[in-house]
Amino acid sequence: MKIKDRLAFYYTLLSSGTLLIIMTVMYLAFYVFFRSDFYDRLNDRAKVAAQLYLDADELPTDSLTRLRERMISALPEEVIRIYNAKNMASFIRDKQQYWSDDIIDRVRQDKSATFTEGSYQTIGINYRDNQGDFVIMVSAHDKQGQRRLSVILRIMLIIFLGVNGMFFFIGRLFAKQALSPIDQLISQIKSITASNLHLRLDEGNGKDEISTLAGNFNQLLEHLQNSFELQQTFIANASHELRTPLTSIIGEIEVSLNRERDPAYYTQLLASILADSNRLSATVTSLMDLAQTDLNYTQARREPLQIDDLIWEIQAYWASQKPHKVLNIDIGELPADPQQLVIMADKHLLAIAFNNIIGNAFKFSENKPVTLRLESVDKNLIISITDQGIGIPASDLETIFKPFYRSINGRSFQGNGIGLYVTQKIIQLYNGTISIVSRENFGTTFQIIFRSVF
Ligand code: ADP
């Protein structure tokens, strides 16, 4: 069943349930009212009979005539009996005794009684007269009341069915109206395929659940589109980066094989092949780093890592490089508790991320000293790496993290544009943020912020 129909059905069920209860209460109220009204009329009849038969000797003639007239207009299938002290039917004897001694005695004892006999309602009253104690019994069939009740029942049934149909119709209308944004979403989603991932859903007023759903779906599309585009450019760029040095190596070897060359030529050729091979090797290493990052992404290894320990190890690593590289460590405000310098991360991956930034800092500054500052502000661990290099053009600060992207001013330096992409992925894996402040020809600062877990 569609949600629309289900909603309308529940709505109808609830409304008709309420209506049914109200109608039942009303019907019962009518029933009780008709019954007690008929007893009142029976009581009236009993009193008229008493006055007519028992008090006739004390009444003036005109009252007696009026009473006789009243007595004539009998109730449907009416039976009236007046019993004397010996329980014998007196005055009216058309169908003999009619009620048993038990019943007559009970009325006499209780002074009055009401009860039903099949479809008949009966009332009995004890009447004290100057001629003695009498019991007057009146019984009749409330045909009019029953007819009225059955008319009321029929009217209620018709109202019930009609109103129910209306409830269902209105419920469906409301449900359709309430769910119409979902219908629109469905038709919009149907039109989105792999070839037009740039399309977005209409987020509407941005306040209700459907807008939130559309917003989340749009975010998902954004991610999908990004990773789709990234994948496409990545494969194209990776093959280009690998093929260029290989084509150059093959070309140089083919040319040199055309004829005999002197030793100096071969030395130069080998040096050129070595440069291309180094470039190839650097690209393959970066791709391997990337592959490992991806692998760790899925496995997401995390262990407590003391960030200051890692920094000292990194400094020692760069000091051991040839030519010698100076990485100055500047320790700022740190918490007294060393536990607050711990983050949950994989040491090897984090070292790749820091070394990519530090390696660039040396590379783009012709090995001028680089400073790494560590400080803690409000449980945030801030690592800033500052160089005195060529700087990054302001227009590139956003795009610099895209794979294979290289700024114009840095293209004369060796590189392949994968390092920062890998670095950003690793930092994000451990819920860190990375940002850049740079001035062309003055230097660059990369700032990484992690939230301490303790
Ligand atoms: P690669 O260094 O191999 O080119 P990266 O992904 O590490 O690749 O860096 C991408 C680009 O970002 C570099 O080519 C360079 O243009 C720019 N860049 C990164 N770090 C610096 C820096 N410290 N100073 C100047 N430019 C930088």
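The structure this text deals with has already been given above.
In short, a report on the structure. (Residues numbered from 1 in each chain as written. Predicted model: local features only at pLDDT ≥ 70, side-chain atom pairs only at ≥ 80, totals over all residues. Heavy atoms only, no water.)

### Re the nonpolar core
Turning to step 1, where the next piece is worked out: By size, the foremost hydrophobic cluster in this structure holds 47 residues, and its most contacted members are Ile307, Leu327, Leu350, Phe354, Ile358, Ile383 and Phe450.
Turning to step 2, where the next piece is worked out: Sorting elements by how many residues they give to this core places helix 8 (residues 347-363) first, with ten residues.
Turning to step 3, where the next piece is worked out: Residues contacting isoleucine 358, with those up to four places away along its chain left out, are Ile314, Trp318, Leu327, Leu372 and Ile385. (Core = buried A, V, L, I, M, F, W, Y, C linked by side-chain atoms within 4.5 Å. Buried < 20%, exposed > 50% of the residue type's maximum accessible area, 1.4 Å probe, protein only. Helix = DSSP H or I, 4+ residues; strand = E, 2+ residues; numbered from the N terminus. Contact = heavy atoms within 4.5 Å.)

### Brief notes about the sheet that holds strand 4 (residues 120-129)
Turning to step 1, where the next piece is worked out: With antiparallel pairing, five strands are arranged side by side in an open sheet as 2-1-5-4-3. Strand pairing shows two members of the sheet lacking a second neighbour, strand 2 (89-90) and strand 3 (112-117), which therefore form its edges.
Turning to step 2, where the next piece is worked out: Two strands pair when backbone bridges link them, and strand 1 (residues 79-83) and strand 2 are joined in this way by two bridges, in the antiparallel orientation. Its bridge partner being in strand 2, isoleucine 82 is matched across the sheet by serine 90. (Pairing = 2+ DSSP bridges.)

### Concerning the site of the ligand
Turning to step 1, where the next piece is worked out: Looking at the ligand, there are 20 residues lining it, with Asn360, Asp387, Arg406, Asn416 and Leu420 nearest.
Turning to step 2, where the next piece is worked out: Between arginine 406 and the ligand, the recorded distance is 2.9 Å, taken from a side-chain N or O atom to an oxygen atom.
Turning to step 3, where the next piece is worked out: In this structure, an oxygen atom belonging to the ligand sits 3.1 Å away from a main-chain N or O atom of glycine 417.
Turning to step 4, where the next piece is worked out: The protein chains hide 98% of the 520 Å² of surface that the ligand would expose on its own.
Turning to step 5, where the next piece is worked out: Contributions of two or more residues to the shell around the ligand are made by helix 8, helix 9 (419-429) and strand 12 (443-451). (Near = heavy atom within 4 Å. Polar contact = N/O pair within 3.5 Å; in protein donor to acceptor, adjacent residues only side chain to side chain. Areas by Shrake-Rupley, 256 points an atom, 1.4 Å probe, with all protein chains shown as cover.)

### Focus: the pairing of strand 1
Turning to step 1, where the next piece is worked out: Along strand 1, five of the five residues are buried, which leaves the element largely enclosed by surrounding structure.
Turning to step 2, where the next piece is worked out: Neither face of strand 1 is left uncovered, since the one carrying Val79, Arg81 and Tyr83 and the one carrying Ile80 and Ile82 both have all their residues buried.
Turning to step 3, where the next piece is worked out: Sheet topology places strand 1 next to strand 5 (residues 132-141); five bridges connect them, and they run antiparallel. Across the sheet, residue isoleucine 82 finds its bridge partner in strand 5, namely isoleucine 136.
Turning to step 4, where the next piece is worked out: Joining the antiparallel neighbours strand 1 and strand 2 is a turn of five residues, in which asparagine 87 adopts a positive phi near 65°.

Taken by themselves, the reported measurements are silent on function.
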